[in-house]
Amino acid sequence: MTQTLRLGIAGLGTVGASVLRMVARRAQALTAATGRTIAVSAVSARDRNRNRGVDLASVQWFDDPVALARSGEIDVFVELMGGSEGAAKDAVEAALAAGKHVVTANKALLAHHGAALARSAEEHGVTLAYEASVAGGIPVIKAIREGLAGNEVSRVYGILNGTCNYILSRMEAEGLTFEACLKDAQALGYAEADPTFDVEGFDTAHKLAILTSLAFGVEIDAEGVSVEGISAIQPLDLTMADELGYRIKLLGVAQATAEGIEQRVHPTMVPKASAIAQVMGVTNAVTVDADAVGELTLIGPGAGGEATASAVVADIADVALSSSAPGLARPTFGRPVSGLAAPRRVEMQRHEGGYYIRLTVHDRTGVAAGVATRMAEANISIESIVQRRSAKAASSDPQGLSGQPVPLVLITYAATEGNVRKALSAIDRDGLLAEAPQLIRIERD
Ligand code: NAP
Ligand code: HSE
């Protein structure tokens, strides 16, 4: 038996406390699998006096995570604080520079500084592991980086944020408000410290940027992701989606095109019968389209302490094995940083697909015709059009002459984003709109 692998864990919140419990609970099995004893020797968090439901009596406490990262008492620095800047970045940089292996669940940090951190890991001959950063408990990093190494990937997409999928699922199934569902997601430990990252799509964008790098062999380009979140989704959109045979999911999509790699995050209408539409609650799903395997989908818990700890502990076990047999260590993004290609961005205006467009128009003669004309001028073919009036509006204005705001919902055949935006601007200029339009892209396969 070789010496103990000593862990320093910074961050004792939802994920950190679960990791401590799992390392203790699985101690024997981890030793059997790796040939090493794995022990937590030091920890750091902001509040030393907070009860975290874990026994910290035998571990050293550091107020400063950077000091912990540099400590001679640890071999692996486990970063579970979060945030792309500040303590997390400083501590991970310090750990790598001090020759410590790093395990992190921090997608924001990797999305913004992944290449530089991977370069530092290479220079110092240590591992930077981050399985927990994408899709919680799903081993998707390993699957793409190692399991699909022989494939050429054409697309990777999925539901990458547990909080958003939980919110959309409960709003749809139980008719709850967005705010109530978000509150529950926070209480369950799914949401980020600042839930704006979840609901405005940034967390999905961070994860997508990581997957894009792995799947396509390019440097991470988080700024190149077009991002829209779910906060503008109205109950009416969920009802209309249901009636039209769709469900709304927040998807991250990275797709190879002739011009480069399209990276986009947005609420998406998916056919109710599709596999991705069945993924509900905190569950995530990642689909990879690749030449040899065809379509591969991984489904599992996307957030929460235990699920995320599962991925963190798997990385720790990998480090335990590879640090005694360095040939087993993997380059952070599947190849040395110098071998990653420069990303080529594809502007969202060029995206082509179907669209759900909900306009709030003034209910008067010629409005639908005016909308249809502007769509036709922009070369957009309409698959269906539905105007909805409340029973109250119908009885007070049977002829539809009052100009009251009413929803007019259109589903288009494939059109470019640029043309859709052009048509909507023209409709707005014509004075037909009572509110800003709602636009949701449709993904049919
Ligand atoms: P959390 O519950 O908010 O816990 C964060 C922990 O970091 C807390 O213990 C906090 O200390 C500590 N911390 C924050 N700033 C610190 C600083 N400057 N110095 C020392 N300690 C500091 O967060 P979490 O949900 O566990 O998430 C941790 C990381 O995992 C994040 O990167 C997140 O994106 C990622 N992640 C989370 C999940 C999930 O389901 N929650 C899933 C996948 C990945 P105090 O407790 O003293 O305040
Ligand atoms: N806040 C994230 C989510 C945690 O809800 O998916 C998992 O990365």
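Details of the structure are given in the entry above.
Residues numbered from 1 in each chain as written. Chains lettered and ligands numbered in written order. Predicted model: local features only at pLDDT ≥ 70, side-chain atom pairs only at ≥ 80, totals over all residues. Heavy atoms only, no water.

Asker: Would you mind going over the overall build of the protein with me for this structure?
Answerer: A count of helical and extended segments in the protein gives 15 helices and 17 strands. In terms of overall dimensions, the protein is globule-like: its C-alpha atoms have a radius of gyration of 24 Å, near the 22 Å expected for 445 residues. When its C-alpha atoms are laid out on the principal axes, the protein stretches across 85 × 45 × 35 Å. Counting over 445 residues, the protein shows a buried share of 55%. The long-range fraction of contacts in the protein, counting pairs at least 24 apart against all pairs at least 6 apart in sequence, stands at 76%. Surface summary for the protein: the accessible area is close to 18,400 Å², and the carbon and sulfur share equals 49%. (Helix = DSSP H or I, 4+ residues; strand = E, 2+ residues; numbered from the N terminus. Rg over C-alpha atoms; globule rule 2.2 N^0.38 Å. Buried < 20%, exposed > 50% of the residue type's maximum accessible area, 1.4 Å probe, protein only. Contact = heavy atoms within 4.5 Å. Areas by Shrake-Rupley, 256 points an atom, 1.4 Å probe, with all protein chains shown as cover.)

Asker: When you look at the site of ligand 1 in this model, what are you seeing that I'm missing?
Answerer: Of all residues adjacent to ligand 1, which total 25 residues, the nearest are Leu12, Asp47, Arg52, Glu192 and Gly304. At a separation of 2.7 Å, an oxygen atom of ligand 1 approaches a polar backbone atom of aspartate 47. Interatomic distance of 3.0 Å between a side-chain N/O atom of arginine 50 and an oxygen atom of ligand 1. Summarising the interface, the protein chains cover 86% of the accessible area of ligand 1, which totals 910 Å² for the free molecule. Its residues assigned to classes, the shell around ligand 1 comprises ten nonpolar, nine polar and six charged. (Near = heavy atom within 4 Å. Polar contact = N/O pair within 3.5 Å; in protein donor to acceptor, adjacent residues only side chain to side chain. Nonpolar A, V, L, I, M, F, W, Y, C, P; charged D, E, K, R; others polar.)

Asker: Mind showing me how you'd approach helix H10 (residues 202-216) here?
Answerer: One turn of an α-helix holds 3.6 residues; hence residues three or four places apart share an orientation. Here H10 spans 21 Å end to end across 15 residues, near enough to the 21 Å set by a 1.5 Å rise per residue. H10 sits mainly inside the fold: 14 of its 15 residues count as buried. At the exit of H10 stands glycine 217, carrying a positive phi of roughly 65°. (Expected span 1.5 Å × (residues − 1).)

Asker: Teacher, can you tell me more about the environment of alanine 426 here?
Answerer: Here alanine 426 shows up in helix H15 (residues 417-429). For alanine 426, a relative accessible area of 8% translates into the label buried.

Asker: I keep staring at the pairing of strand S15 (residues 405-412) and nothing clicks. Help me out?
Answerer: Remark: a regular strand shows side chains that alternate across the two faces of the sheet. For S15, the tally of buried residues reaches seven of eight residues, placing the bulk of the element in the interior. Pairing of strand S13 (residues 352-362) with S15 involves seven bridges; the strand directions are antiparallel. Paired with valine 361 across the two strands is valine 406, which belongs to S15. Pairing analysis gives five bridges linking strand S14 (residues 382-387) to S15, with the strands arranged antiparallel. Of the residues in S15, the one forming a bridge with serine 384 is isoleucine 411. (Pairing = 2+ DSSP bridges.)

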